[in-house]
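# Report on the structure
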Amino acid sequence: MYSFEPTEEQQMLVETVGKFAVNHLRPAAHEAEESSELSKSLVNKGWELGLLQASIPEAYGGFGERSAVTGVLAVEEMAFGDLAGALAVITPSLFGTPILLAGNEEQKQTYLPKIVEGEWNPYTAALIEYAFDFDPNALKTTATLQDGQYLLTGEKAFVPFAKDADFILVYANLDGLTQGFIVPRDASGLSISDEREKLMSLNALPLYRIHLDNVKVPVANRLGGISGHGFEPILASMRLATASAAVGVANAAFEYSKNYAKEREAFGVKIAQKQAVAFMLAEMRTEIEASRLLTWEAAWKLDEGKEDAFTESYLAATGAADMAMMVTDRAVQILGGHGYIRDHPVEMWMRNGRGFAMLTGLAIV
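Calculation notes
- Residues numbered from 1 in each chain as written.
- Predicted model: local features only at pLDDT ≥ 70, side-chain atom pairs only at ≥ 80, totals over all residues.
- Heavy atoms only, no water.
- Helix = DSSP H or I, 4+ residues; strand = E, 2+ residues; numbered from the N terminus.
- Expected span 1.5 Å × (residues − 1).
- Buried < 20%, exposed > 50% of the residue type's maximum accessible area, 1.4 Å probe, protein only.
- Contact = heavy atoms within 4.5 Å.
- Axes fitted to C-alpha atoms, helices over the stretch in contact; angles between N-to-C directions.
- Parallel < 35°, antiparallel > 145°, perpendicular 65-115°, else oblique.
- Left-handed = near helix turned anticlockwise from the far one by under 90°.
- Core = buried A, V, L, I, M, F, W, Y, C linked by side-chain atoms within 4.5 Å.
- Salt bridge = Lys/Arg side-chain N within 4 Å of Asp/Glu carboxyl O.
- Pairing = 2+ DSSP bridges.
- Phe/Tyr/Trp six-rings, centres within 6.5 Å; stacked < 30°, edge-to-face > 60°.
- Lys NZ or Arg CZ within 6 Å of the ring centre and 35° of its normal.

## Considerations on helix α8 (residues 275–304)
Each turn of an α-helix holds 3.6 residues, which means side chains three or four residues apart point in the same direction. A rise of 1.5 Å per residue sets the reference length of α8, with its 30 residues, at 44 Å; its end C-alpha atoms lie 43 Å apart and thus fit the reference within 8%. Three or more residues of α8 are buried, namely V277, M280, L281, M284, I288, S291, R292, T295, A298, A299, K301 and L302. Looking at the packing, one finds that the buried side of α8 touches α3 (68–81), α7 (232–263) and α9 (309–335). Where α8 ends, the next residue or the one after it, G305, has phi of about 70 degrees, a positive value.

Below, the structure written as structure tokens:
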């Protein structure tokens, strides 16, 4: 039986990330969303916390060992401050963690030290496709082995920092299996949209579409080498990151609306004392705790190599997406008319909450 008590190291990490989220990400979130621009110094400050570095062994330039449990604890805390900022800080994990999980020794030695040493650099990945029936296990982007190299063809959406990344880990369908391919940004046949994606939220996070037209990839650049890799552990890690971020955003909305309800008076009493509001707050807290525990359990099972870890991670992600939409919507309701204006962050959190159903592939633990 796993413990619900974080280790001393995990507790220290959570407290450090929490302070960064509240003291730095949260105050900058509104302006970043309105201006569609994140401060590079802010992202670097988050990178210096060493979340990815702490999950990379010393042999590859890091100073720790990977733990999905530690990852979900950290992502929840960071998303509590601001989702766009959190996703920006951990974008290099989209490239580094799959290499750690599934790369061969040469790939680990080549890329991991470059990622974790020095300042933040936008190594990224491209999984999501702009399709109503998008399924990460049945991608429309294809990889074909021809003349000793792979040809990638297709289109990807919502690729973070694609214009600035030196390398992009592109996922494609190879004979019915989802496989990753390391692609340089300047590869022939790879084009990146001039304009960023226009979404109802996450405007501070630069997301692009990329088009692949018979992009040639050496066999050595297939994740895992010629034998490839299993995709389930990578997808499970992405889903857990999505779930933990959803818990963080929902908890931010809950805490803000709870404090507002304790201070706001209507007809001579605090609105938190109104039965309808009290019941909403109770249900919000219940659903947050349920999603949090399911996410923790799924992360623990992934760390322990349990057979049902992949199913649990899927349940955690889908459940958290629904939970975040409910909680953030209720937060707007509790603030009444104030919830609809941008003087308060709950309207942004509600817009963020709407997006969790399609965010798998923008974060990984």
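## So, the environment of E263
Position of E263 relative to the elements: it lies in helix α7. Here E263 falls in the exposed class, since its relative accessible area comes to 62%. It is 35 Å that separates the C-alpha atoms of E263 and I90, two residues lying 173 residues apart in sequence.

## Concerning the packing of helix α5 (residues 93–102) against helix α6 (residues 105–116)
For any two helices packed against each other, the geometry comes down to the angle between their axes and how far apart the axes lie. Taken N-terminus to C-terminus, the directions of α5 and α6 make an angle of 150 degrees; their axes are 10 Å apart at the nearest point. Compared by their axis directions, α5 and α6 come out roughly antiparallel. The interaxial crossing formed by α5 with α6 has left-handed handedness. Together, F95, G96, I99 and L100 of α5 and Q107, K108, Y111, L112 and I115 of α6 make up the contact between the two elements.

## Some thoughts on the nonpolar core
Judged by nonpolar contacts, the single largest core of 106 residues is most densely connected at L83, F95, Y171, V327 and F356. The leading source of residues in this core is α7, at 17 residues.

## Concerning unusual backbone geometry
In this model, F158 sits at a positive phi of 55 degrees, which is unusual for a non-glycine residue. Along the chain, F158 falls in strand β3 (residues 149–160). A positive phi angle, near 55 degrees, is found at F161, a position not held by glycine. One can find F161 in the loop between β3 and β4 (167–174). Residue class for F161 comes out buried when judged on its relative accessible area of 10%.

## What about the environment of L177?
Here L177 lies in strand β5 (residues 177–184). Overall, L177 belongs to the exposed group, its relative accessible area being 53%. Taking the C-alpha atoms as reference points, L177 and A138, 39 residues apart in sequence, are found 7.5 Å from one another.

## Concerning the pattern of salt bridges
In total, this model carries 15 salt bridges according to the counting rule given. Close ionic contact of E33 with R351 constitutes a salt bridge, the shortest N to O distance being 2.9 Å. Placement of the pair is E33 in helix α1 (residues 8–35) and R351 in helix α10 (residues 346–355), with a sequence separation of 318 residues. The exposure class of E33 is buried, given its relative accessible area of 6%. Classification of R351 as buried rests on a relative accessible area of 11%. One salt bridge connects E347 with R351, and the closest N-O pair in it is separated by 3.0 Å. Here E347 pairs with R351, and both are found in helix α10, just four residues apart, close to one helical turn. Look at E347 and you get buried, because its relative accessible area is 10%. Overlapping salt bridges, with partners in common, bring together E33, E34, R342, E347 and R351 in one network.

## As for the pairing of β3
When you tally the buried positions in β3, you get nine out of twelve residues, the bulk of the element. Pairing analysis gives five bridges linking strand β2 (residues 142–146) to β3, with the strands arranged antiparallel. Opposite Q146, over in β3, you have Q149 as the bridge partner. Counting the residues in the hairpin turn of β2 and β3 gives two residues, including D147, whose phi is positive at 55 degrees. Direction of pairing for β3 relative to strand β7 (residues 207–218): antiparallel, over a ladder of nine bridges. By the bridge assignment, Q149 is partnered in β7 with P218.

## Brief notes about the packing of aromatic side chains
The relative placement of two aromatic rings is captured by the distance of their centres and the angle of their planes. Per the stated rule, a full pass over the model turns up nine aromatic pairs. Pairing W120 with F161 gives two aromatic rings, centres 4.9 Å apart and planes at 70 degrees, and the pair type is edge-to-face. Taken together, the residues span a long stretch of sequence, with W120 in the loop between α6 and β1 (124–126) and F161 in the loop between β3 and β4 at a distance of 41 residues. You'll find W120 and F161 in the same group, each marked buried. Taking the centre distance of 6.4 Å and the plane angle of 0 degrees together, the rings of Y123 and F167 count as stacked. Residue Y123 is located in the loop between α6 and β1, and its partner F167 is located in strand β4; the two are separated by 44 residues in the primary sequence. Overall, the relative accessible area of 19% leaves F167 in the buried class. Within the aromatic cluster, the residues linked to one another by ring pairs are F95, Y111, Y123 and F167. It is R26 that lies over the ring of F80; its NZ or CZ is 4.8 Å from the centre. Positioned above the aromatic ring of Y130, the side-chain terminus of R209 is 3.9 Å from the ring centre.

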